[in-house]
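# Report on the structure
Residues per chain, in single letters:
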Amino acid sequence: MPWSTGTTRTDIGELAIAGLTASQIAAEVGTPVYVIDLADLLARSSTWRDEFASAFNRVGSRARVFYGGKAFLSVAVARWLYREGLGIDAATGGELAVLLKAGVPGTHIGLHGNNKSDAEIARALDVGVAHLVIDSLDEVDRVAAVASKRGERVVVMVRVTLGIKAGAHEHLSTSHADQKFGLAVADGSALAAIRAILASPDLELRGLHSHLGSQILAPEVFAAAAGQLSDVRAEVYQATGYVASELNFGGGFGVAYLPNAPQLAPRDVATAMAEAVRESCSRHRLAVPDV
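Owing to the predicted nature of the structure, the values given are computational and were not obtained by experimental measurement.

Another aspect to go through is the nonpolar core. Within the largest apolar cluster, 72 residues are counted, with the highest numbers of intra-cluster contacts made by Phe52, Phe56, Leu132, Val156, Leu208 and Phe249. In contact with Leu132, not counting residues within four places along its chain, are Leu111, Lys116, Ile121, Leu125, Val143, Val154, Val155, Val156 and Met157.

Turning next to unusual backbone geometry. For the bond from Thr31 to Pro32, the omega torsion is -5°, close enough to zero to count as cis. With respect to the secondary-structure elements, Pro32 resides in the loop between α1 (22-29) and α2 (38-58). Put simply, Gly251 and Gly252 share a cis peptide bond, and its omega is 5°. Tracing the chain through its elements places Gly252 in the loop between β11 (246-249) and α9 (266-284). Even without being glycine, Gln215 reaches a positive phi, approximately 60°. By the element assignment, Gln215 lies in the loop between β10 (203-210) and α8 (219-240). One non-glycine residue with positive phi stands out, namely Arg285, at about 60°. Tracing the chain through its elements places Arg285 in the segment after α9.

The subject of this paragraph is the pattern of salt bridges. Pairs may arise between side chains of opposite charge once their charged atoms sit close together. One pass over the full model with this rule turns up 14 salt bridges. Residues Asp118 and Arg142 are paired through a salt bridge, measuring 2.9 Å at the closest nitrogen-oxygen approach. Within this pair, whereas Asp118 is found in helix α5 (residues 118-127), its partner Arg142 is found in helix α6 (residues 137-150), the two being separated by 24 residues in sequence. The partly exposed category is assigned to Arg142, whose relative accessible area is 22%. In this structure, Arg150 engages Asp126 in a salt bridge whose closest nitrogen and oxygen atoms are separated by 2.9 Å. Here the residue Arg150 occupies a position in helix α6, and Asp126 occupies one in helix α5, the gap between them amounting to 24 residues. Counted as one network, the salt bridges with shared partners bring together Arg49, Asp50 and Glu84.

In contact at an axis separation of 10 Å, helix α4 (residues 93-101) and α5 are set at 25° when each is read in the N-to-C sense. Of the possible angle classes, the one that applies to α4 and α5 is roughly parallel. At the point where α4 passes α5, the crossing takes the left-handed sense. Facing α4, whose interface residues are Gly93, Leu96 and Leu100, α5 presents Glu120, Arg123, Ala124 and Val127. Along the lines of polarity and charge, the residues of the contact of α4 with α5 split into four nonpolar, one polar and two charged.

Next up on the list: the pairing of strand β5 (residues 87-90). Within a regular beta strand, the side chains point alternately toward one face of the sheet and then the other, so they alternate between its two faces. Because side chains alternate across β5, one face comprises the buried residues Gly87 and Asp89, and the other comprises Ile88 and Ala90, equally buried. Bridge analysis of strand β4 (residues 66-68) against β5 gives three bridges, and the strand direction is parallel. When the bridges of β5 are listed, Phe66 appears paired with Gly87. Following the chain from β4 across helix α3 (residues 75-83) to the adjacent parallel β5, one finds a crossover that is right-handed. Here β5 pairs with strand β6 (residues 109-111) via three bridges, running parallel. The residue bridging Ile88 from the neighbouring strand is Ile109, located in β6. Between the parallel elements β5 and β6, the chain passes through α4 in a crossover that is right-handed.

Under the defined criterion, the tally for this structure stands at six aromatic pairs. Their ring planes at 45° and their centres at 5.0 Å tell us that Tyr34 and Phe72 sit as a pair that is tilted. Residue Tyr34 is located in the loop between α1 and α2, and its partner Phe72 is located in the loop between β4 and α3; the two are separated by 38 residues in the primary sequence. What makes Tyr34 exposed here is its relative accessible area of 63%. Here a set of aromatic residues connected by ring pairs shows up, and it is made of Trp48, Phe52, Phe56, Phe222 and Phe253.

Quick notes on the rules
- Residues numbered from 1 in each chain as written.
- Predicted model: local features only at pLDDT ≥ 70, side-chain atom pairs only at ≥ 80, totals over all residues.
- Heavy atoms only, no water.
- Core = buried A, V, L, I, M, F, W, Y, C linked by side-chain atoms within 4.5 Å.
- Buried < 20%, exposed > 50% of the residue type's maximum accessible area, 1.4 Å probe, protein only.
- Contact = heavy atoms within 4.5 Å.
- Helix = DSSP H or I, 4+ residues; strand = E, 2+ residues; numbered from the N terminus.
- Salt bridge = Lys/Arg side-chain N within 4 Å of Asp/Glu carboxyl O.
- Axes fitted to C-alpha atoms, helices over the stretch in contact; angles between N-to-C directions.
- Parallel < 35°, antiparallel > 145°, perpendicular 65-115°, else oblique.
- Left-handed = near helix turned anticlockwise from the far one by under 90°.
- Nonpolar A, V, L, I, M, F, W, Y, C, P; charged D, E, K, R; others polar.
- Pairing = 2+ DSSP bridges.
- Right-handed = clockwise from strand over helix to strand, strands pointing away.
- Phe/Tyr/Trp six-rings, centres within 6.5 Å; stacked < 30°, edge-to-face > 60°.

In short, the description is geometric, and any link to function would need to be established separately.
In C-alpha cells form, the structure reads like this:
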C-alpha cells in the first residue's frame, strides 16, 4: 500500500500515521496489521470522483468512478467508499459477498473476471450489478444460458483488449493482444462476441470495457486507451449499426510507493481522457457516451 499524506516520522524516526505511532498501533491492536488513514482515503476518493465528473461533464458526458476491489477490500473499506459516492468493482464471488455484507447495492457494483462461475453470474443478477463484464466468447453463451433459465434479459458489457503496451512491467500489463483477459480487437474475437450478444434474445449490450494493467503512471497512456476504445466503438457502429451508450475505462492508476516517485494527478488524467473521447467522437460524428 502507498504512504498516506498523513504519514510522518517522529523526532526519533518512528513511523506515525495520522498522528499514531507504529508502537502505539501495535500495542493497541497487535501485529501484523493493515493501517488505513481514513481521511486520506476519502480525500483521494473524492478527488478522483469529482475530477472525472467535471472533466467528462465539459465534453457532454456523465462519469462514474469505480474503485478496484482487488487493490484492497474489506467490509469497512467498501462501506466508506460507497458512502463517498464511488462504485466498486469485484472480480470474484468472495469480493461480491464482501460488498453486499457492507451494504453496497448492486447498482454500485461491477463484476469482472475471466473465471466467473455460473453461481457467481446468477448472484450478480440477483443483486442487479451495474456492470456484468463478459470476458470471453464462451462467457457470452454461459451468461445467456443463465439469463434464459431466469427468464430475464441481462445487460452486459464486453471487455476489449486494445493491444496497447501500457508502459508498466510486462507482468502488470493486461491490454496487449496475446494475454488471457478480454477479447482482442486485432483477431476479430471482440467483434464476434459483440455480434453474438446483439443477436441473443437474452442479452442486452450496454457498452465496451477495457483495462490496461496495474501501476501505470503516464496520463498519456490512459488518454491513448480512451481514444482507442472510442474508435473501436465507432468501428462497431460501422460494422453492426450498434452505438454503445457507455464506455468503461479500467486502470490501473499507479500510486507512489516511494517518497520521490511520480504521482498521477487526477485532474490531468481525467482531462486527457475526456478530451481523447471527445476528439474521437467528433471525428466519427457520434455522440459522446457516458463513462
